[in-house]
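# Residue-level structural notes
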Amino acid sequence: MSLSTETLSKIKKYIVIIFAVIIGSVFLLSLLPDSPIPKVLMSIFKIIQNLDIVTSSIIITILHIIAVPFMIPTTPITIVAGIMFGSVLGTIISTIGCTIGAIIVFFITRFVVLETINEYINKNENLKLMQLIVKENGLIFITLLRVSPVFPFPIINYILPPVVDFIPYAIGTLIGLIPCNFVVVYFSASMTNITEVFSSNGMSGGALTMMIITTVISISLIIGITYYVKSKINELKKNQNKSSSSDECLIPKEEEKEIEEEEF
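Owing to the predicted nature of the structure, the values given are computational and were not obtained by experimental measurement.

All right, on to the UniProt feature "transmembrane region" (unreviewed entry) in the chain then. Those places that UniProt annotates as "transmembrane region" (unreviewed entry) correspond, in this numbering, to residues 14-32, 53-72, 78-108, 138-160, 166-187 and 208-229. For residues 53-72, helix accounts for 75% and strand for 0%, while the C-alpha atoms at its two ends are 24 Å apart. A helix fraction of 100% and a strand fraction of 0% characterise residues 78-108, whose end C-alpha atoms lie 24 Å from each other.

Below you can see the structure in the form of structure tokens.
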């Protein structure tokens, strides 16, 4: 028995409502002063630390995957990944987990909440402009959006799917997440060494220099990309304003022509 379009639409709306309630509840619960969520996470992390590297890496990856669709901040999990696995493996695990989570969001958006997302985007000019830029630039701009921390990762996850194909979405997400995840993981992996800076012996000159160079390069890269993305959005805004104003100027001229033709 096939369901009617109206029935399917109602089912989708109910799914959206349930999904929104769950996300909202988890988010609000995490903000409470005595929220059990941080305590639960800390308990999980303590258990994970005692496991072998394969099992613990799988669990951390799964935690990333679960957190992304529910818009739960993944930074704490990424920090733990850095402390537990170091810079390289921690970055790989965090990036893979977040990418898989974003892919899940892609399919949720496409097949469950597409109408709701489109309605929301149509009410926001900035989001519409962002979608337009992504349409024109594709993979490159998706990657840049992922790199820039100014554009929230959870929101971008739901904005991109209506206007981009799966392959550029997945590849752009994977590549774009690496720099930001690396910065977080690198610092968290270095946390055990931070105390050495203030100790009598201090950090070795090479380690300290490497930390400073990595910090400067990472921050400069992120700032530069953020500036570029914002400039592209502003440029598109100006172009749209110009085109709209030129259209307004053309309307009276067309009316004048019609009047002249009628008089003739």
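A surface patch of nonpolar side chains, about 450 Å² in accessible area, is lined by I53, V54, I58, I62 and I66. Relative to the helices and strands, V54 is located in helix α3 (residues 53-67).

Another aspect to go through is the packing of helix α5 (residues 114-122) against helix α6 (residues 125-137). Geometrically, a packed helix pair is captured by the angle between its two axes and the distance between the axes. As a packed pair, α5 and α6 sit with axes 6 Å apart at the nearest point and diverge in direction by 110°. Taken together, the axes of α5 and α6 lie roughly perpendicular to each other. Contacts between α5 and α6 pair Y120, I121 and N122 from the former with L127, K128 and Q131 from the latter. Taken together, the residues of the contact of α5 with α6 break down into three nonpolar, two polar and one charged.

Enumeration according to the criterion identifies seven aromatic pairs in this entry. Arranged with centres 5.5 Å apart and planes meeting at 65°, the rings of F106 and F166 form a pair that is edge-to-face. In this pair, F106 sits in helix α4 (residues 75-111) while F166 sits in helix α9 (residues 166-189), placing the two residues 60 residues apart along the sequence. What makes F106 buried here is its relative accessible area of 2%. In this structure F166 comes out as partly exposed when scored by relative accessible area, which is 30%. Ring centres 6.2 Å apart and planes at 5° place the aromatic pair F107 and F111 in the stacked group. With F107 and F111 both in helix α4 and four residues apart, this pair spans about one turn of that helix. Look at F107 and you get partly exposed, because its relative accessible area is 38%. Grouping aromatic residues by their ring pairs yields a cluster made of F106, F107, F111, F166 and Y169.

Here we come to the side chain of T95. Of note, T95 is situated in helix α4. Leaving out residues up to four positions away in the same chain, T95 has contacts with L174, L177, I178 and N181.

A few words on the nonpolar core. The nonpolar side chains of a soluble globular protein tend to be buried, and buried together. Judged by nonpolar contacts, the single largest core of 33 residues is most densely connected at V134, L145, L160, V164 and V229. Structurally, this core is a two-domain feature, drawing no fewer than three residues from each of domain 1 (30-191) and domain 2 (203-240). Those residues in contact with L160 that lie beyond four places of it in its chain are V134, I142, L145, R146 and Y169. Ranked by size, the runner-up nonpolar core spans ten residues in total, among them F45, I60, A67 and A81.

Helix length check: α3 (15 residues) gives 21 Å between terminal C-alpha atoms against 21 Å at 1.5 Å per residue, within 8%. Here α3 has its buried residues at S56, S57, I60, T61, L63, H64, I65 and A67. Measuring from the side-chain oxygen of the N-cap residue of α3 to the backbone nitrogen of V54 gives 3.2 Å; that N-cap residue is D52.

Parameters and conventions
Residue numbers restart at each chain and count upward from 1, following the sequence in its written direction. Note on the predicted model: pLDDT of at least 70 is required for a residue's local features to be given, and 80 or more for side-chain atom pairs to be given and counted; whole-chain, interface and lining totals, by contrast, use all residues. Processing note: side-chain calculations cover all non-hydrogen atoms of the structure and skip hydrogens and water entirely. UniProt positions are given in the numbering used here, feature names are shortened, and annotations may be inferred rather than shown by experiment. For helices the rule is a DSSP run of H or I covering at least 4 residues; for strands it is a run of E covering at least 2, with both sets numbered from the N terminus onward. A patch consists of residues whose relative accessible area exceeds 30% and which take part in no salt bridge; residues with like charges are grouped when within 9 Å of each other, and nonpolar side chains (Val, Leu, Ile, Met, Phe, Trp, Tyr) when within 5 Å. Residue-level accessible areas treat just the shown protein chains as cover; the underlying method is Shrake-Rupley with a 1.4 Å probe. A pair is scored as a salt bridge if a Lys or Arg side-chain nitrogen falls within 4 Å of a carboxyl oxygen belonging to Asp or Glu. Here an axis means a line fitted to C-alpha atoms, over the contact stretch when the element is a helix, while the angle between two N-to-C directions is reported on a 0 to 180 degree scale. Throughout this description, any angle smaller than 35 degrees is read as roughly parallel, any larger than 145 degrees as roughly antiparallel, any in the 65 to 115 degree range as roughly perpendicular, and the remainder as oblique. Whether two residues touch is decided by their heavy atoms; if any such pair falls within 4.5 Å, the residues are in contact. Three classes are used: nonpolar for Ala, Val, Leu, Ile, Met, Phe, Trp, Tyr, Cys and Pro, charged for Asp, Glu, Lys and Arg, and polar for all others, with Gly counted as polar. Ring pairs shown here join Phe, Tyr and Trp side chains whose ring centres sit within 6.5 Å, with only the six-membered ring taken for Trp; geometry is labelled stacked below 30 degrees between planes, edge-to-face above 60, and tilted in between. Only protein chains enter the area calculation, which uses a 1.4 Å probe; residues under 20% of their type maximum are buried, those over 50% are exposed, and those in between are partly exposed. Side-chain atoms within 4.5 Å link the members of a nonpolar core, which is a set of buried Ala, Val, Leu, Ile, Met, Phe, Trp, Tyr and Cys residues. Where each domain starts and ends follows an automatic or database-derived domain assignment. Given a helix with a known number of residues, its expected span is that number minus one, times 1.5 Å. Whenever two N or O atoms come within 3.5 Å, that pair is a polar contact, provided that in protein one can donate a hydrogen and the other can accept it, and provided that, for residues adjacent in sequence, both atoms are side-chain atoms.

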